[in-house]
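Understanding the architecture of this molecule
One letter stands for each residue in the lines below.
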Amino acid sequence: MSVKKWMTAFVCGLLVVTQQAVADLTIEITQGNDKAIPVAIVPFFWKGNSALSEDIAQIVSDDLERSGLIKPLPRTEMLSLPSEPKEIFFRDWSLLKQEYLLIGQITPKGDAGKLTIRYELYDVVRQKRVLGEVISGSQNELRSRAHYISDKVFEELTGLRGAFSTKIAYITAKRESNTRTKYELKVADADGRREQIILQSYEPLLSPSWSPDAQYLAYVSFETGRPGVYLQNVFSGKRRQLTAFKGLNGAPAWSPDGSKLVVTLSKDGNPELYEINLKTYKVRRLTRHYGIDTEAEWSPDGKKLIFTSSRSGGPQIYQIDIASGETTRLTFEGNYNARARYSPDGSEIYFVHQKDGIFHIAAQELSENRLRVLTQTPLDESPSVSPNGSMLIYATQEGQRGYLGAVSIDGNIRYRLPSQLGDVREPAWSPFLN
């Protein structure tokens, strides 16, 4: 995308969209990690009569494999299927070169469809239990309980908090005729399953952004014929329009404490960054420059913003100190750098970087300004960081078809979430849900 095209698309407030509506996203791991921790995840023993709706152990296995840091043992290679400590023969798992073993049981609890789930993680070398818990749930909650177990096991083995119980938001569009397109804002589990439609519209929807408590989404809608920023409760569906200024209303992003939004408005003539207090609705202008300022995000401490600006002649990443207004250019390599996001600890930024005419996702350490390219697919855009800082999700294309890709922050682990029926764009990874 040339600088001229970027500026034109921004000022118009429109995106060229060719997406089709999707069903649940599916996972395809495209690059793993040879140094991943080997873990045997044995099918959980079910003590009931009728079949369960979900295979908890398989969900846990898929979650952990997707992280790239853990390598589950295929079930076909297991020598036994223990479900309680007395059935474990550590020698067998040592022969299979497994470092850890996860077992479990699921037991019916009364007649109300409730279940008791017991899981235990063992260190094979030390022959010692290192994690275990009994949790409850219903048939409808099996997938959530599986993600919870994945989070606990992942944290025990890596020291990082697991993000498998989080959500992703994204936008799809289905062209119903030459002149009519249905846009949908959707939310799904981090693995792309249990997709829910949050909003449908026959006008464009853009830029979903999660509130810090994961209760709300801010986004841009053209439903009135012009762009406006809206807030919507993800669970109740209750929504309200926040901005309806003349000109551009776009690119909302929440402050870390959830009390403010930063948006791009052109109500005073030029696209600039503005802060909106969500209690008083007071609007405060943050930037003043003849260039285009947009796509802002707050630093984790809430004291700074990174944003895309054309003030140097083309899109580059800048950082502004909110209190002083002091602005610093952060990116210098290449003539196109845009849509930046902070790492959870604020030490790095991730953004769209043009290299050899192709758009990739790149990372840059703020202390050394060292840039590294993370993705290899063309037309990569809209990066969003997992709340534990281990992965990035982004939109990309293969031919004329778009899908979501994910890459680890070191670039060594990759997977993609293609749709069964069409394309998907503008992903936003939720914060932790508790």
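For the structure itself, consult the block above.
The structure reproduced in this document is the subject of the present report. Numbering of residues starts from 1 in every chain and runs along the sequence as written. Local features are withheld for residues below a pLDDT of 70 in this predicted model, meaning they are given only at 70 or higher, and side-chain atom pairs are given and counted only at 80 or more; totals for whole chains, interfaces and linings count all residues. Where side-chain values are given, they derive from all heavy atoms of the structure, hydrogens and water being excluded.

**Section: helix 4 (residues 142-158)**
- Helix and strand assignments come from DSSP, with helices taken as H or I runs of at least 4 residues and strands as E runs of at least 2, each series counted from the N terminus. Each residue after the first adds 1.5 Å to the expected span of a helix. Taking 1.5 Å of rise per residue, 17 residues should cover 24 Å, and helix 4 covers 24 Å from first to last C-alpha, within 8% of that figure.
- Taken together, the buried positions of helix 4 are occupied by L142, R143, A146, H147, I149, S150, D151, V153, F154 and L157. Relative accessible area decides the class of each residue, using a 1.4 Å probe on protein chains only: under 20% of the type maximum gives buried, over 50% gives exposed, and in between gives partly exposed.

**Overview of the packing of helix 2 (residues 56-67) against helix 4**
- Note on geometry: axes are C-alpha line fits, over the in-contact stretch for helices, and angles between N-to-C directions span 0 to 180 degrees. As a packed pair, helix 2 and helix 4 sit with axes 9 Å apart at the nearest point and diverge in direction by 45 degrees. Regarding the angle of helix 2 to helix 4, the classification is oblique. Viewed along their axes, helix 2 and helix 4 form a crossing whose handedness is right-handed. Taken together, the residues of helix 4 that come into contact with helix 2 (itself represented by I56, I59, V60, D63, L64 and S67) are L142, R143, A146, H147, I149, S150, V153 and F154.
- Any residue outside Ala, Val, Leu, Ile, Met, Phe, Trp, Tyr, Cys, Pro, Asp, Glu, Lys and Arg is labelled polar, Gly included; the first ten of those are nonpolar and the last four are charged. Taken together, the residues of the contact of helix 2 with helix 4 sort by class into nine nonpolar, three polar and two charged. For classification purposes, an angle smaller than 35 degrees is called roughly parallel, one larger than 145 roughly antiparallel, one from 65 to 115 roughly perpendicular, and anything else oblique. Two helices crossing with the near one rotated counterclockwise from the far one by less than a right angle form a left-handed crossing, whereas a clockwise rotation gives a right-handed crossing. By the convention used here, residues are in contact when the closest approach between their heavy atoms is within 4.5 Å.

**Things to note about the sheet that holds strand 8 (residues 167-175)**
- Here, strands pair whenever DSSP counts at least two bridges between them. The strand order 10-9-8-31 describes an open sheet built from four strands, whose pairing is antiparallel. Every other strand in the sheet has two partners, leaving strand 10 (196-201) and strand 31 (425-429) as the edge strands with one partner each. If you compare each strand with its neighbour and ignore which way they point, the axes differ by 20 degrees on average.
- Of the pairings in the sheet, the one linking strand 9 (residues 181-189) to strand 10 comprises five bridges and is antiparallel in character. Pairing of L185 across the sheet is with L199, part of strand 10.

**Quick look at the environment of L73**
- Within the secondary structure, L73 sits in the loop between strand 4 (70-72) and helix 3 (90-95).
- The spatial distance from the C-alpha of L73 to the C-alpha of P38 is 6.8 Å, given a sequence separation of 35 residues.
- What L73 contacts, discounting residues up to four positions off in sequence, is V39, A40, M78, W93, L96 and Q98.

**What to know about the packing of aromatic side chains**
- Only rings of Phe, Tyr and Trp enter the pairing, Trp through its six-membered ring, and a pair is recorded when the two centres are within 6.5 Å. The plane angle decides the type: under 30 degrees is stacked, over 60 is edge-to-face, the rest tilted. Counted under the stated rule, the structure contains five aromatic pairs.
- Between F154 and F164, the aromatic rings sit 5.5 Å apart at their centres with planes inclined by 90 degrees, giving edge-to-face as the arrangement. Of this pair, F154 sits in helix 4 while F164 is found in the loop between helix 4 and strand 8, placing the two residues ten residues apart along the sequence. Residues F154 and F164 agree in their burial class; the two are buried.
- When the centroid spacing of 6.0 Å and the interplanar angle of 25 degrees are considered together, the rings of F307 and Y318 count as stacked. On the criterion of sequence distance, the pair formed by F307 in strand 20 (residues 304-309) and Y318 in strand 21 (residues 316-321) is long-range, its members being eleven residues apart.
- Overall, the relative accessible area of 7% leaves Y318 in the buried class.
- The residue whose ring lies beneath R161 is F432, and the NZ or CZ to ring-centre distance is 3.8 Å.
- Definition used: whenever NZ (Lys) or CZ (Arg) falls within 6 Å of the ring centre and also within 35 degrees of the ring normal, the charge is taken to sit over that ring. In this arrangement the basic side chain of R416 is found over the ring face of Y403, its NZ or CZ atom lying 4.7 Å from the centre.

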